[in-house]
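# A look at the structure
The primary structure of each chain is shown beneath.
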Amino acid sequence: MSIHVTTGDKIYFPFVEKVEFEGFDSDNPLAYKYYDENRLVGGKSMKDHFRFAVAYWHTFCGNGGDPFGTPTKNFPWAVKADAEALAKERMDAAFEFISKLGVPFYCFHDVDVIDEGTTLLESEQRMRKMVDYAKQKQAASGIQLLWGTTNLFSHPRYMNGAATNPDFQVLAHAGARVKDMIDTTIELGGSNYVFWGGREGYLSLLNTNMKREIEHLGRFLQMARDYGRKMGFTGDFLIEPKPCEPTKHQYDYDAATVISFLRQFGLEKDFKLNLETNHATLASHTFAHELQTATDAGMFGSIDANRGDEQNGWDTDQFPSNLFEITEAMLVILENGGFKKGGVNFDAKTRRNSTDLEDIFYAHIGGMDTFARALLIAQAILEKSPYKKLRQERYASYDSGKGRDFEEGKLTLTDLRQIALDGGQIKQISGRQELFENIINQYIR
Ligand code: XLS
Ligand code: NI
Ligand code: NI
């Protein structure tokens, strides 16, 4: 279904009707240069390749405030004093923006859509109203929910963690909020439900029983899975790894850590990973490394697209623009057969001093064009270049004979000794890294 521009009573972005594909030669800053949603790449449209999503929190709630300064972004939809009126205006603005971009999905945390009430019951009632409102907006525009999530990190009650809180009462409250947001995700037809454990870690190991906390997290996720499945949720549950920030050490450190955690608690069939570019770099990995790790474990789900800053050690959450990095990512994603239920969510924010309403358009257009371009490059590399063949040839010694016997588990350590004796002098085989890098650069055109 194509996306219909959907506005509320008020128009928030009068300067653009709809962002269209105009091609490489266009100088229109409010047009796509590479992202052409209907263009087929490897038999699949660009729209289906990416399943792009706009992140509610950064684009409609992020106000530019940081630890050193008050908000800079005076968004016209964030002015009403009444929580419900504000939430509806913000949702009008969100759907106008997303539909004008022609993006097929969005993602949100419970509190992005509407503030918590003073009691749990009031919070639940508020969310029910917004679910009804969102349903209408989704139906009018054709925009769908890629994933829902619960914010278990902003409220002071979560200062010691949510599912890993030493106080059971806080864990119970987190459970109530997760239940409500799973209900919401199901009602809105969401494809995935995400857990990002922002405070599920520690500030000091001295006051922390790590074993118990991790077991609580495992138990909590089993309960969420069981509830979701009982209620008919058929989407994927996703965990989003991040090594630190805001905690000193986050338990969902990186893809490898999360994969072994999921297996430990029997969650590997229902859970996959939501991988974020900047979280990979914080864990001292490349984004491609994280994608490959999840893929190899059969747990690749979705991505949070952004980029970090090579000089800064925090989650700068900038919009993606690094073509080499995203090409490497697209190579892994394409070789794995692309996204299934997941997609590309822009978990990215415009800078504190990007204060024009146009800036959020430029940011998304730039991110989408970066991905579109990387897709074309990666597809060409896989189809036309010797990239795959070169990599395959490195492992040729395992494709037949004794190497193959080894892979099939037919040899013993004593056999290896005999093969070593028989094999004689070992030949030097170049890894040819520079050649591989040159191929990527050659196809960036
Ligand atoms: C923060 C995370 C967060 C999750 C959703 O670093 O990326 O935004 O994606 O809770
Ligand atoms: Ni994220
Ligand atoms: Ni992040």
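Whatever comes next refers back to the structure up there.
This one's a predicted model, so the numbers in the text were calculated from it and none came from an experiment.

What follows covers the coordination of the nickel ion (ligand 3). Looking at the nickel ion (ligand 3), one finds its protein donor set to be E276 (OE), H279 (NE2) and D315 (OD), positioned 2.1 to 2.3 Å from the metal centre. A separation of 3.9 Å is found between the nickel ion (ligand 3) and the nickel ion (ligand 2), both of which receive a donor from E276. The same class applies to E276 and to H279, which are both buried.

Attention now moves to the site of ligand 1. Every residue lining ligand 1 is accounted for by W57, H109, F153, W196, E240, K242, E276, H279, D304, D315 and D347. Interatomic distance of 3.1 Å between a side-chain N/O atom of H279 and an oxygen atom of ligand 1. The contact in question runs from an oxygen atom of ligand 1 to an N or O atom on the side chain of D304, over 2.9 Å.

What follows deals with the pattern of salt bridges. Applying the stated rule across the entire model yields 24 salt bridges. Linking R229 and D270 is a salt bridge whose minimum nitrogen-to-oxygen distance equals 2.9 Å. In this pair, R229 is assigned in helix 7 (residues 210-230) and D270 in the loop between helix 8 (255-264) and strand 10 (271-276), connecting sequence segments 41 residues apart. Residue R229 is classed as partly exposed on the basis of its relative accessible area, which comes to 29%. Through salt bridges with shared partners, a single network forms among R128, K135, D180 and E187.

What follows covers the sheet that holds strand 4 (residues 105-109). Spatial ordering of the closed barrel is given by 3-4-5-6-8-10-11-12, a layout of eight strands whose pairing is parallel. Direction aside, the axes of adjacent strands within the sheet are offset by 30 degrees on average. Bridge count for strand 4 against strand 5 (residues 144-149) is five bridges, and the pairing is parallel. Note that in strand 5 the partner of C107 across the bridge is W147. Packed on one face of the sheet, helix 10 (residues 287-296) meets strand 10 and strand 11 (300-304) and runs near 175 degrees to strand 10.

Taken as a whole and judged by the stated rule, the model has 37 aromatic pairs. Judged by centre distance (6.1 Å) and plane angle (75 degrees), the ring pair of Y387 and F436 falls under edge-to-face. Here Y387, found in helix 13 (residues 387-394), pairs with F436, found in helix 16 (residues 433-443); they are 49 residues apart in sequence, far enough to count as distant. The aromatic ring of Y443 is capped on one face by R445, whose charged end is 4.7 Å from the ring centroid.

This brings us to the coordination of the nickel ion (ligand 2). Bound to the nickel ion (ligand 2) on the protein side are E240 (OE), E276 (OE), D304 (OD) and D347 (OD), at distances that span 2.0 to 2.1 Å. Donor residues for the nickel ion (ligand 2), ordered by position in the chain, follow E-x35-E-x27-D-x42-D.

Criteria and thresholds
- Residues numbered from 1 in each chain as written.
- Chains lettered and ligands numbered in written order.
- Predicted model: local features only at pLDDT ≥ 70, side-chain atom pairs only at ≥ 80, totals over all residues.
- Heavy atoms only, no water.
- Donors = N, O, S within 2.8 Å, 3.2 Å for Na, K, Ca; no water.
- Buried < 20%, exposed > 50% of the residue type's maximum accessible area, 1.4 Å probe, protein only.
- Near = heavy atom within 4 Å.
- Polar contact = N/O pair within 3.5 Å; in protein donor to acceptor, adjacent residues only side chain to side chain.
- Salt bridge = Lys/Arg side-chain N within 4 Å of Asp/Glu carboxyl O.
- Helix = DSSP H or I, 4+ residues; strand = E, 2+ residues; numbered from the N terminus.
- Pairing = 2+ DSSP bridges.
- Axes fitted to C-alpha atoms, helices over the stretch in contact; angles between N-to-C directions.
- Contact = heavy atoms within 4.5 Å.
- Phe/Tyr/Trp six-rings, centres within 6.5 Å; stacked < 30°, edge-to-face > 60°.
- Lys NZ or Arg CZ within 6 Å of the ring centre and 35° of its normal.

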